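Geometric and topological summary
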Amino acid sequence: MSGRILCTRAERVATVTLANPGKLNAIDFAMWQSLAEIVAELSGDEELRCVVVRGDGDQAFAAGGDIDEFLGRRDTVERAMAYHAQAGAALQALADCRQPTIALLQGACIGGGLEIAAQCDLRIAAQSSRFGAPINKLGFSMYPAEMASLLRLAGPACLLEILLEGRILGAQEALGKGLLTRVVTDDEVVNEAYASARRICAGAPLVARWHKQWLRRLQQGAPLSEEELRASFAFLATEDYREGLSAFIEKRKPEFRGR
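Attention here is on the structure that accompanies the text. (Residues numbered from 1 in each chain as written. Predicted model: local features only at pLDDT ≥ 70, side-chain atom pairs only at ≥ 80, totals over all residues. Heavy atoms only, no water.)

1. Looking at the overall build of the protein chain
To keep things clear, this is the line we draw: Numbering of helices and strands runs from the N terminus; a helix is a DSSP stretch of H or I covering at least four residues, while a strand is a stretch of E covering at least two. Burial classes follow relative accessibility: with a 1.4 Å probe on protein chains only, a residue under 20% of its type's maximum area counts as buried, one over 50% as exposed, and anything between as partly exposed. Two residues form a contact once any of their heavy atoms are found within 4.5 Å. Note that accessible areas follow from Shrake-Rupley with a 1.4 Å probe, and for residues the cover is restricted to the protein chains shown. The charge count treats Lys and Arg as positive and Asp and Glu as negative. His and the chain ends do not count. For the purpose of locating charges, the reference atoms are NZ of Lys, CZ of Arg, CG of Asp and CD of Glu.
When helices and strands are counted, the protein chain shows 10 helices and 10 strands. Principal axes of the C-alpha set define a box for the protein chain whose edges measure 60 × 45 × 35 Å. Looking at the protein chain residue by residue over its 259 residues, the buried ones come to 48%. Taking the intrachain contacts of the protein chain between residues at least 6 apart in sequence as the baseline, contacts between residues at least 24 apart amount to 68%. Summed over all atoms, the accessible surface of the protein chain reaches about 13,400 Å², with 56% contributed by carbon and sulfur. Here the protein chain holds 30 positive side-chain charges and 33 negative ones, and the gap between their average locations is 4 Å.

2. Structural notes on the pairing of strand β3 (residues 50-55)
Moving residue by residue along a regular strand, the side chains alternate between the two faces of the sheet. Inclusion rule: Think of it this way: DSSP has to see at least two bridges between two strands before they count as a pair.
Among the six residues of β3, six are classified as buried, and the element is accordingly described as predominantly covered. With burial as the criterion, each face of β3 is covered, one bearing C50, V52 and R54 and the other bearing V51, V53 and G55. The pairing of strand β2 (residues 13-19) with β3 spans six bridges and is parallel. Bridge pairing in β3 places L18 opposite G55.

3. Brief notes about the nonpolar core
Our working rule: The term nonpolar core refers to a set of buried residues drawn from Ala, Val, Leu, Ile, Met, Phe, Trp, Tyr and Cys, joined through side-chain atoms within 4.5 Å.
L35 and I116 are the most contacted members of the largest nonpolar core, which has 51 residues in total. Of all the elements, helix α1 (residues 29-43) adds the most residues to this core, at eight residues. By size, the runner-up hydrophobic cluster in this structure holds 13 residues, among which are C50, I102, A193 and A197.

4. Quick look at the side chain of T238
You can see T238 is positioned in the loop between α9 (226-231) and α10 (239-249). Excluding anything up to four places from it in sequence, T238 contacts L206, W210 and R259.

5. Things to note about the packing of helix α4 (residues 112-119) against helix α5 (residues 144-165)
Just so we agree on the cut-off: Comment: axis = line fitted to C-alpha atoms, over the contacting stretch for helices; angle = value between 0 and 180 degrees taken between N-to-C directions. Just so you know how the angles are binned, under 35 degrees is roughly parallel, over 145 roughly antiparallel, 65 to 115 roughly perpendicular, and the rest oblique. Helix crossings get a hand from a simple test, with the near helix turned counterclockwise from the far one by less than a right angle marking a left-handed crossing and a clockwise turn marking a right-handed one. Under the scheme applied here, ten amino acids are nonpolar (Ala, Val, Leu, Ile, Met, Phe, Trp, Tyr, Cys and Pro), four are charged (Asp, Glu, Lys and Arg), and all others, including Gly, are polar.
Contact geometry for α4 and α5: axes closest at 9 Å, N-to-C directions at 55°. Between α4 and α5, the angle is such that the two are oblique. As α4 runs across α5, the sense of the crossing is left-handed. Here α4 contributes L114, E115, A118 and Q119 to the contact with α5, which in turn contributes E146, S149, L150, R152 and L153. Among the residues forming the contact of α4 with α5, the class breakdown is four nonpolar, two polar and three charged.

6. Side note on the pairing of strand β1 (residues 4-10)
For β1 and β2, the ladder comprises seven bridges, and the chain directions are antiparallel. Of the residues in β2, the one forming a bridge with R4 is A19. Taking the residues between adjacent antiparallel strands as the criterion, β1 and β2 are bridged by two residues, where E11 takes a positive phi near 55°.

Shape descriptors only; they carry no functional weight alone.
Here it is in structure tokens:
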């Protein structure tokens, strides 16, 4: 039986849940497909302001890919390329999501689960959660295209440590190595993730999207053009900019509408 990607909404926050009961939410091929489709749909929702990605239950975010599929899904180069093209589409959908994304991390976050978390904007982890990619013990290497987000997030030294040693990191060590945004107690992690979502929702949604856009552009390294610098002031023409200034002057809470 395949796992599922569940999606629920509460006000302006969507929750995407990785669910594969009995397998610590390991990601199978159908789940990669569904994740790509669901996140792409959410990205186009103008009313949505934040996406929380989590695992089903509190034992795992996701314990990697579903190994049971590998003998049939990745047994030739052609099938392996097709499998990872689909996984890559899901990871890219998360990277391209216009809304801010939060990974709510409980329990095991391993292999493909770590790759999914790395594509989210924020990673809020429970104290007892653990991280790694011990695939050297299974005899296969991480797909290079999927290594890229982890390389950007934690740098080559940390990534080599994870891949060469196959060691599982605790939450505090993962935080120290730059893999996480923050660590809180197990009892607090769900509340903290959704509190973070509420803080994001309280801000101007267009500004959140622009911050994501410009951060990605700055990571490309090339100098910004004059045209790009001028485009960075697009907020001047928005209703939200006028509302934000008015609310500040009038000492009230702003009501942003995303336009």
